[in-house]
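# What the coordinates show
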Amino acid sequence: MGSIWEIDFYSRPILDDNQKKVWEVLVCESALDISTKVDSLFRYAQYCPSTQVNSGWLRTALQEAINQAGKAPIKIRFFRRQMNNMITKACQDLGIPAQPSRRTLVLNHWLEQRMEEVYPQEAGYQGGANPSVRLEKPLPQRLPDALEGQQWVFVTLDGADLAEMPEWEIGFGEAFPIELAKVSPETRIPGILIFSPRALPLAGWMSGLDLAFLRFDTSEEGRLLLETGVTESWIVANIKKPQLLAEAKGFEEAKQKANGVHFIGVQSDPKAQSFAGFWLLQEVNL
């Protein structure tokens, strides 16, 4: 399997000599498993004058990144929806699929680091918060009937347990090193296990969704929601029983203590020794 890249192309809190915002493209390789060494992942950064912000400039910059990496990625993820047309066009011109996604964890942490350490050192720096992304919030959809799990439970694992993931039998999945999320091996990581006799088709369908994170929504009735892509949302379960409500609240509390890190596992039944699917996730504020 080839690499997946994450990119951001947007203005930075820096003004040029004409008092115009300086733009920048950031390109980094996604961490796809628990044992990835973050420092070994490919990264590329280049500033762009405000007068040259277009898909042609971005295509040229991406080609330079490919030249430096030595190989093109199999797809590129990006989280800024307002840049959808420009990023998609540049990627199409290079023959690389572009995917709007909230699963841009390496990029998010790199951006935070550059906001704190790099941009303040530049001439023309203008202090202020990194502009957040306005995300639409469409109504959550029901999971297709054929894909609903027969049964599911809240569970927790120690961060250290996840180090053994490379030895687990997993059909579909994706992970990242927990130190990327500043989580220690002693931290309890919450998650859910979904059991279904159709575990493999369910996991295969989920793998095509670009999983972002799970969240417990209390705004209406208690609902466990699976967030995917940039704005999609799916109802995993409606929760009404007092014991399950308490467990769902405990899941959210544990998730906050783990810097948003959590997981989803899919198995054929509670006694299964393998996973049809296993995803390590992190909820981040974009």
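Here the structure is a predicted model, which means the values were calculated and not measured. (Residues numbered from 1 in each chain as written. Predicted model: local features only at pLDDT ≥ 70, side-chain atom pairs only at ≥ 80, totals over all residues. Heavy atoms only, no water.)

## As for the nonpolar core
In terms of nonpolar packing, the biggest core is built from 34 residues, with I34, L162, F176, I189, V261 and L280 touching the most fellow members. At the level of secondary structure, the elements contributing two or more residues to this core comprise β2 (21-29), α3 (105-117), β9 (188-195), β13 (261-267) and β14 (275-282). A per-element tally of this core places α3 first, with 6 residues. Here this core spans two domains, since at least three of its residues come from each of domain 1 (4-121) and domain 2 (141-282). If we ignore the near neighbours within four places in the chain, the residues touching V261 are F176, A181, V183, I189, P190, K255, L280, L281 and Q282. (Core = buried A, V, L, I, M, F, W, Y, C linked by side-chain atoms within 4.5 Å. Buried < 20%, exposed > 50% of the residue type's maximum accessible area, 1.4 Å probe, protein only. Helix = DSSP H or I, 4+ residues; strand = E, 2+ residues; numbered from the N terminus. Domains from an automatic or database assignment. Contact = heavy atoms within 4.5 Å.)

## Some details on the sheet that holds strand β8 (residues 170-174)
Here 5 strands make up an open sheet; going across it, the order is β7-β9-β13-β14-β8 and the pairing mixed. Every interior strand has two partners, whereas the edge strands, β7 (151-158) and β8, have only one. Within the sheet, the average angular offset between the axes of one strand and its neighbour, ignoring direction, is 20°. Note: β9 against β13, 5 bridges, orientation parallel. Each residue of the ladder has a partner; that of F195, found in β13, is Q267. (Pairing = 2+ DSSP bridges. Axes fitted to C-alpha atoms, helices over the stretch in contact; angles between N-to-C directions.)

## Remarks on the packing of aromatic side chains
One pass over the full model with this rule turns up 11 aromatic pairs. Taking 5.5 Å as the distance between ring centres and 35° as the angle between the ring planes, the aromatic pair formed by F154 and F251 counts as tilted. Here F251 lies in helix α5 (residues 242-257) and F154 lies in strand β7, a separation of 97 residues in the sequence. One exposure class covers both F154 and F251, and it is buried. One residue, R43, lies across the ring of W110, its end atom 5.1 Å from the ring centre. Here the guanidinium or amino end of R80 rests over the ring plane of Y10, the centre of that ring lying 4.1 Å away. (Phe/Tyr/Trp six-rings, centres within 6.5 Å; stacked < 30°, edge-to-face > 60°. Lys NZ or Arg CZ within 6 Å of the ring centre and 35° of its normal.)

## Quick notes on the sheet that holds strand β1 (residues 4-15)
If you trace the 5 strands from one edge of the open sheet to the other, you get β3-β2-β1-β4-β5, paired in mixed fashion. The sheet is open, and its two edges are formed by β3 (43-48) and β5 (98-100), each paired on a single side. Strand-to-strand twist in this sheet, taken as the mean axis angle between neighbours without regard to direction, amounts to 25°. Of the pairings in the sheet, the one linking strand β4 (residues 75-78) to β5 comprises 3 bridges and is parallel in character. Note on β5: the bridge partner recorded for F78 is P100. Where helix α2 (residues 84-93) meets the sheet, it contacts β1, β4 and β5, and its direction lies at approximately 170° from that of β4.

## Observations concerning the pattern of salt bridges
A full pass over the atoms with the stated rule returns 16 salt bridges. As a salt-bridge pair, D8 and R80 come within 2.7 Å of each other at their nearest N and O atoms. Pair noted here: D8 is in strand β1 and R80 is in the loop between β4 and α2, with a separation of 72 residues, a long-range link. Comparing D8 with R80, the two get one shared label, buried. One continuous salt-bridge network, built from bridges that share partners, spans D8, R12, E24, R80 and R114. (Salt bridge = Lys/Arg side-chain N within 4 Å of Asp/Glu carboxyl O.)

## Some thoughts on the side chain of S233
The topology assignment puts S233 in strand β12 (residues 232-239). Given the relative accessible area of 4%, S233 is considered buried. Reaching out from S233, the side chain makes a polar contact with the side chain of E227 at a distance of 3.0 Å. In this view, S233 contacts P140, Q141, L225, L226 and E227; residues no more than four positions away in its chain are not counted. (Polar contact = N/O pair within 3.5 Å; in protein donor to acceptor, adjacent residues only side chain to side chain.)

## Describing the domain arrangement of the protein
What the domain assignment reports for the protein is domain 1 (4-121) and domain 2 (141-282). If you average the C-alpha positions of domain 1 and of domain 2, the two centres end up 28 Å apart. Contacts between the two partners involve 18 residues from domain 1 and, on the opposite side, 25 residues from domain 2. Interface area, domain 1 with domain 2, both sides summed: about 1800 Å², of which 56% is carbon and sulfur. Joining domain 1 to domain 2, the criterion identifies 4 salt bridges. In this structure, the salt-bridge partner of E227 is R102, at a minimum N-O distance of 3.3 Å. Mapped onto the side of domain 1 that touches domain 2, the elements with two or more residues apiece are β4, β5 and α3. With 3 residues, the top contributor of residues to the side of domain 1 that touches domain 2 is α3. By residue class, the composition of the side of domain 1 that touches domain 2 is 8 nonpolar, 5 polar and 5 charged. (Buried area = accessible area lost by both parts, 1.4 Å probe. Nonpolar A, V, L, I, M, F, W, Y, C, P; charged D, E, K, R; others polar.)

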